[in-house]
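A structural walkthrough
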Amino acid sequence: MKKIIVVDDSRFFCALIEKQIIEQTPYGVVTCSSLEEAKIVLSRLDKESIQACLTSYRLRDATEGEAIELFRSHNIPTIVLISDVTARLRSRFWQLRVIDYVLKHDKYAINEIINTLSRLERNPNNKIVIVEDSKTSAKMLQILLEVHQYDVMHFNNPKQALDYVKYHQDVKMVITDYNMPEMDGCELTRRLRRLYSKQELAILGMSGAGQTIMSANFLKHGADDFIIKQSFLAEEFYLRVNSYLDRLNTYQELATAASYDYLTKIPNRRHFFEVVEAMHEAAIRHETPVTCAMIDIDKFKSVNDEYGHSVGDEVLRKVAETIKSSTRKSDVVARFGGEEFCMYMNGMSAENAQPYFEKLRQKISDTIIHVEDYTLQVTVSIGLNSKLEQDLNQMLEKADKSLYEAKETGRNRVILNSNLAEVSCS
Ligand SMILES: Nc1nc2c(ncn2[C@@H]2O[C@H](COP(=O)(O)OP(=O)(O)OP(=O)(O)O)[C@@H](O)[C@H]2O)c(=O)[nH]1
């Protein structure tokens, strides 16, 4: 587990922040009350295991921010705690390339610290592309962004940048200069906006001082914001970049919540239809074999009644995991509600469906589920339809009828409706 080092001479503050970090982040905490103690801790810890450091500017044995210098000299991401900040201190912090400073007595200080630590955890997955033909300016931006652990790519050619963004879904932001060879920054912005909405990609335009019209030009072409190269403050830059990426992450979390089942983390019914309708149309056009499957856990009510709802939830997660682990990328699996799952198997014929689902049924019934102090096993009934039909809903309804038959004829079995033949009995 990665650690956060907290350095403050108030034991009370250290205990308070340690509790919050442990409760709200995946990190462990090491606390120190002085610079001397911090030096000892640093000499003992593997540097790779340190995620970040949170240090007071003033400590009993280090009144001029020496602890910040110590951590930065080891290249450890550092957040500074301070009672009051002056312009001189601000500029020193950014020269030392700290992540941020937090006003200690602000009532939102702890929230701010937790948000900054969460961002640090997320930022390596947030790729930022810099498009800039000046090496010095690109290098400066890259250093600023890498302090916050962003994954940064630099291009001096806008066409190459455009191609890169097209094929890398993890790019969350493009920061582009205006004057560049082959294509200017506004044109690049326009082309990117044709491909990605503001919920998918943030774009910051950039140009030299004295080009007052440029800000409006970039915004008009679809940029979210604009910065003047030589004169922006590091603090302002971070606030802008972080706020756009926070917004993007929130959109993405909402989109995931709307499409995925919160309990099992597999797609929900709505997402199933969004994806499968287009697949089904293509299957009809090309006469590709398709199998639809409805899977239902047997006597699941008795699991809840006997062991409790939280055990029932764990059983649902485990069954979903087993189903998911047996699928290919081209298969779609979803939780249809309650203890029922649905699968759309593109390219699977009736002959292949029978052994595949028989194996899955067996795998689920063989899985031993350990939850709380219990050990239990469940079985599933599976209804299949492999007759390609124009109407997707009709295909699913027939699979549901097969499921009904599987339940009626004893459960823990697979029924294929094309010939209503039972292929497996427990
Ligand atoms: N723990 C838990 N239970 C759920 C969830 N959704 C639905 N259930 C329960 O699933 C049970 C389904 O019960 P029934 O429809 O009677 O079916 P069954 O007991 O599985 O019996 P058969 O399907 O006939 O084999 C109900 O008790 C629901 O409360 C959930 O998200 N978590």
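Along every chain, residues carry numbers that run from 1 in the direction the sequence is written. Under the rules for a predicted model, residues below a pLDDT of 70 receive no local features and side-chain atom pairs below 80 are neither given nor counted, while totals for whole chains, interfaces and linings still include all residues. Only hydrogens and water are set aside when side-chain values are computed; all heavy atoms of the structure are taken into account.

1. Some words on the packing of aromatic side chains
Aromatic ring pairs: the centre-centre distance and the angle between the two ring planes describe each pair. Aromatic rings from Phe, Tyr and Trp, taking only the six-membered ring of Trp, are treated as a pair when their centres fall within 6.5 Å; an angle between ring planes under 30 degrees marks them as stacked, one over 60 as edge-to-face, and anything in between as tilted. Considering all chains together, one arrives at 13 aromatic pairs under this definition. Between F218 and F226, the ring centres sit 5.8 Å apart and the planes meet at 35°, which makes this aromatic pair tilted. Judged by its relative accessible area of 0%, F218 falls in the buried class. Overall, the relative accessible area of 11% leaves F226 in the buried class. Buried, partly exposed and exposed residues are distinguished by accessible area as a fraction of the type maximum, computed with a 1.4 Å probe on protein chains only: under 20%, between the cut-offs, and over 50%, respectively.

2. Structural notes on the UniProt feature "modified residue: 4-aspartylphosphate" (unreviewed entry) in the chain
UniProt positions are given in the numbering used here, feature names are shortened, and annotations may be inferred rather than shown by experiment. Under the local residue numbering, the UniProt record ascribes the feature "modified residue: 4-aspartylphosphate" (unreviewed entry) to D177. We count a stretch as a helix when DSSP gives it H or I for four or more residues in a row; a strand needs E for two or more, and each element gets its number in order from the N terminus. Of note, D177 is situated in strand β8 (residues 171-177). In this structure D177 comes out as buried when scored by relative accessible area, which is 4%. Beyond its immediate stretch of four places on either side in the chain, D177 contacts V131, E132, D133, G185, M206, S207, F218 and K229. Residue contacts are counted whenever heavy atoms from the two residues lie within 4.5 Å of one another.

3. Considerations on the UniProt feature "domain: Response regulatory" (unreviewed entry) in the chain
This chain's UniProt record puts "domain: Response regulatory" (unreviewed entry) on residues 3-119 and 127-244. Each end of residues 3-119 is marked by a C-alpha atom, and these two atoms are 15 Å apart; helix forms 44% of the span and strand 22%. In residues 127-244, helix accounts for 45% and strand for 23%; the two terminal C-alpha atoms are 13 Å from one another.

4. Some words on the sheet that holds strand β1 (residues 3-7)
For two strands to count as paired, DSSP must find a minimum of two bridges between them. Strand order across the open sheet formed by five strands is β2-β1-β3-β4-β5, with parallel pairing between neighbours. Only two strands of the sheet have a single neighbouring strand rather than two, namely β2 (28-32) and β5 (100-103). Across the sheet, the axes of successive neighbouring strands diverge by a mean angle of 20°, strand direction being ignored. Alignment of β1 against strand β3 (residues 50-56), held across five bridges, turns out to be parallel. If you follow I5 over to β3, its bridge partner there is C53. The angle between two axes is taken between their N-to-C directions and runs from 0 to 180 degrees, where each axis is a line fitted to C-alpha atoms and a helix contributes only its stretch in contact. Packing of helix α4 (residues 87-95) onto the sheet brings it into contact with β4 (78-82) and β5, and relative to β5 it is tilted by some 140°.

5. Re the domain arrangement of the chain
A common measure of how large an interface is: the accessible area buried when the components associate. Domain start and stop points were drawn from an automatic or database domain assignment. The domain boundaries assigned to the chain delineate domain 1 (3-121), domain 2 (126-257) and domain 3 (269-422). Between the C-alpha centres of domain 1 and domain 3 there is a distance of 51 Å.

6. Observations regarding the pattern of salt bridges
By convention in these notes, a salt bridge is any Lys or Arg side-chain nitrogen within 4 Å of a carboxyl oxygen on Asp or Glu. Applying the stated criterion across every chain, the model contains 27 salt bridges. Close ionic contact of D170 with K127 constitutes a salt bridge, the shortest N to O distance being 3.4 Å. Separated by 43 residues along the polypeptide, D170 in the loop between α7 (158-167) and β8 and K127 in strand β6 (residues 127-131) bring together distant segments of the chain. Assessed through its relative accessible area of 32%, D170 is described here as partly exposed. K127 sits in the buried class, given a relative accessible area of 9%. A salt bridge links E236 to R240, with the shortest nitrogen-to-oxygen separation between them at 2.5 Å. Linking E236 with R240, this pair stays in helix α10 (residues 234-259), spanning four residues, or about one helical turn.

7. Remarks on unusual backbone geometry
Although it is not a glycine, Q149 sits at a positive phi angle of roughly 70°. Inspection of the secondary structure assignment puts Q149 in the loop between α6 (135-147) and β7 (151-155). Relative accessible area serves as the criterion here: at 29%, Q149 is assigned to the partly exposed category.

8. Points about the pairing of β3
The buried count for β3 comes to seven of seven residues, which makes it a mostly enclosed element. Of the pairings in the sheet, the one linking β3 to β4 comprises four bridges and is parallel in character. Counted as the bridge partner of L54 is I79 from β4. By the criterion used throughout, a crossover qualifies as right-handed when its path from the first strand across the helix to the second strand runs clockwise, the strands pointing away from the viewer. As a crossover connection, the stretch from β3 through helix α3 (residues 66-73) into β4 is right-handed.

9. A word on the site of the ligand
Any residue with a heavy atom lying within 4 Å of a molecule or strand is counted as near it. Within the structure, the ligand sits among 17 residues, and K299, F300, D313, R335 and R411 are positioned closest to it. Polar contact is defined as a pair of N or O atoms within 3.5 Å, subject to the rule that within protein one atom must be able to donate a hydrogen and the other to accept it, and that residues adjacent in sequence are counted only when both atoms are side-chain atoms. The backbone of K299 places a nitrogen or oxygen atom 2.8 Å from an oxygen atom of the ligand. Separating a nitrogen atom of the ligand from a side-chain N or O atom of D313 is a distance of 2.7 Å. Residue-level accessible areas treat just the shown protein chains as cover; the underlying method is Shrake-Rupley with a 1.4 Å probe. When the ligand sits alone it has 670 Å² of accessible area, and the protein chains cover 68% of it. Looking at the shell around the ligand, the elements that each hand over two or more residues are β11 (290-297), α12 (300-307) and α13 (309-325).

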